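Each chain, letter by letter, is given below.
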Amino acid sequence: MKLKQISNFVEPIFEKVFGFANGYEQAGLFTLQNSKGMELRVSDFGATVTSIKVPLRSGEVVDVVPGFESLQDYVDSFSLPSAPYFGATVGRYAGRIGGGRFCLNGRQIILNANQNFNTLHGGNIGFSQKMWTVKRLVPGNNPSIVLSLVSPNLDENFPGKLTVELTYTLTEENEIVVEYKAITSEDTVVNLTHHSYFNLDGHSESVLNQQLSVNSKKMVEVDHENIPTGNFVALDGKDFDFTSAKSVPENIDNTFALEADYGLAATLFSPKNKLKMLVYTNQPGVHIYVGGNCFGKITGKENANYHKTSGICFETQNFPDAPNKPNFPNAILKPDSIYHHKTIFKFQSQ
């Protein structure tokens, strides 16, 4: 399919390519492209990023995120023992809420537990499995797509009607800007994040030869079920001290407390492709994840066999279980406030 050229930019393109899946209406795929040749594809199923193609100085183009070819594959992936959430938008609450419950305004809220007795990534059917509404496609030198979702009161037992607007923008500086805004009809808790797995060597390779840095001196301490204790672990000189870049670990599933608001959260660098990704966010933490017992069972795009080191997640967000930890950043959204989360993934070919 040829992209429609308009002066010096490319118009966002709508493609009905996913077809139907069991229990879902037909999903669309939307392509944004800048003048540098970078391309972003987004589906309205789960507000999911299905591919990010980045041009290299060599003239090659590399797809830096794992994903699937069809809607049915994305739907089916949520039935795996540990769903990968490839490229998905996660909510209402990203990460784990211990015991599947929390207190709000003196009232105990009991959520749907979907991981042992805990609630992970919003419950049984979170935002990653919902059809979002495409509000508008914005052409120009920095094309964008705006999607929205209305989560009704008591969706997965979360209180309040939550209305979310999500904008993906592809800039001329080879940045993908992910910006969330949300309002609620009554007090509730909110923690949204983006769940792409990144691999700067290409979506069919391993990330273990890439270099990771994280702007953090402490991470959230967790128990044997990966539920925060409320304490922090100092990282100076320890295995997960990534203040200086070092190789991506084979297994990591931890939340790092960031040093600066609206600052640099983390970087990833591929010595092979000479490609660097910088992650900026206004969130207090970034959850970094490599691994998962679903890998080794998944065939992805271009018949790639994904495994547990096929990608690394940078889930910028509030801390897991913050509704139960008074010393963590406040996760409560009130009707007179607006939830605002902005994250930038910037790509530099060196």
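What you see is a predicted model; the values in this text were computed from it and never measured.

Novice: Is there a simple way to think about the side chain of Thr171 in this case?
Specialist: Here Thr171 lies in the loop between strand E15 (162–170) and strand E16 (175–184). The contact partners of Thr171, leaving out residues within four places of it in the chain, are Asn34, Asn141, Asn142 and Val177.

Novice: What exactly am I supposed to notice about a negative patch on the surface here?
Specialist: Negative charge collects at one region of the surface, where Glu69, Asp73, Asp76 and Glu302 lie side by side. With respect to the secondary-structure elements, Glu69 resides in the loop between strand E7 (61–63) and helix H1 (71–77).

Novice: For this particular structure, what's the right way to read the nonpolar core?
Specialist: Grouped burial of nonpolar side chains is what soluble globular proteins tend to show. Ile52, Val64, Phe198, Phe256, Phe314 and Phe347 are the most contacted members of the largest nonpolar core, which has 57 residues in total. Sort the elements by how many residues they give to this core and E15 lands first, with five residues. When sequence neighbours within four positions are dropped, the list of residues in contact with Ile52 reads Met38, Glu39, Leu40, Val62, Asp63, Val64, Val65, Ile176, Phe198 and Phe347. Core analysis: the second largest hydrophobic core is formed by 20 residues, Phe45, Tyr74, Ala83 and Phe86 among them.

Novice: What exactly am I supposed to notice about the pattern of salt bridges here?
Specialist: Side chains bearing opposite charge may pair, as long as their charged atoms lie close to each other. If you walk through the whole model with that rule in mind, you get nine salt bridges. A salt bridge links Glu175 to Lys346; the nearest nitrogen and oxygen atoms lie 3.7 Å apart. Separated by 171 residues along the polypeptide, Glu175 in strand E16 and Lys346 in strand E32 (residues 339–349) bring together distant segments of the chain. On the accessibility criterion, Glu175 (16% relative accessible area) is buried. Note that Lys308 is salt-bridged to Glu250, the shortest N-O span being 3.3 Å. One end of the pair, Lys308, is in the loop between strand E29 (305–306) and strand E30 (312–317); the other, Glu250, is in the loop between strand E23 (246–247) and strand E24 (252–257), with 58 residues separating them in the sequence. With relative accessibility at 39%, the residue Glu250 sits in the partly exposed group.

Rules and cut-offs
- Residues numbered from 1 in each chain as written.
- Predicted model: local features only at pLDDT ≥ 70, side-chain atom pairs only at ≥ 80, totals over all residues.
- Heavy atoms only, no water.
- Helix = DSSP H or I, 4+ residues; strand = E, 2+ residues; numbered from the N terminus.
- Contact = heavy atoms within 4.5 Å.
- Patch = residues over 30% accessible without salt bridge, like charges linked within 9 Å, V, L, I, M, F, W, Y side chains within 5 Å.
- Areas by Shrake-Rupley, 256 points an atom, 1.4 Å probe, with all protein chains shown as cover.
- Salt bridge = Lys/Arg side-chain N within 4 Å of Asp/Glu carboxyl O.
- Lys, Arg positive; Asp, Glu negative; His and termini not counted.
- Charge placed at Lys NZ, Arg CZ, Asp CG, Glu CD.
- Core = buried A, V, L, I, M, F, W, Y, C linked by side-chain atoms within 4.5 Å.
- Buried < 20%, exposed > 50% of the residue type's maximum accessible area, 1.4 Å probe, protein only.

Read these as layout, nothing more, since geometry by itself doesn't imply function.
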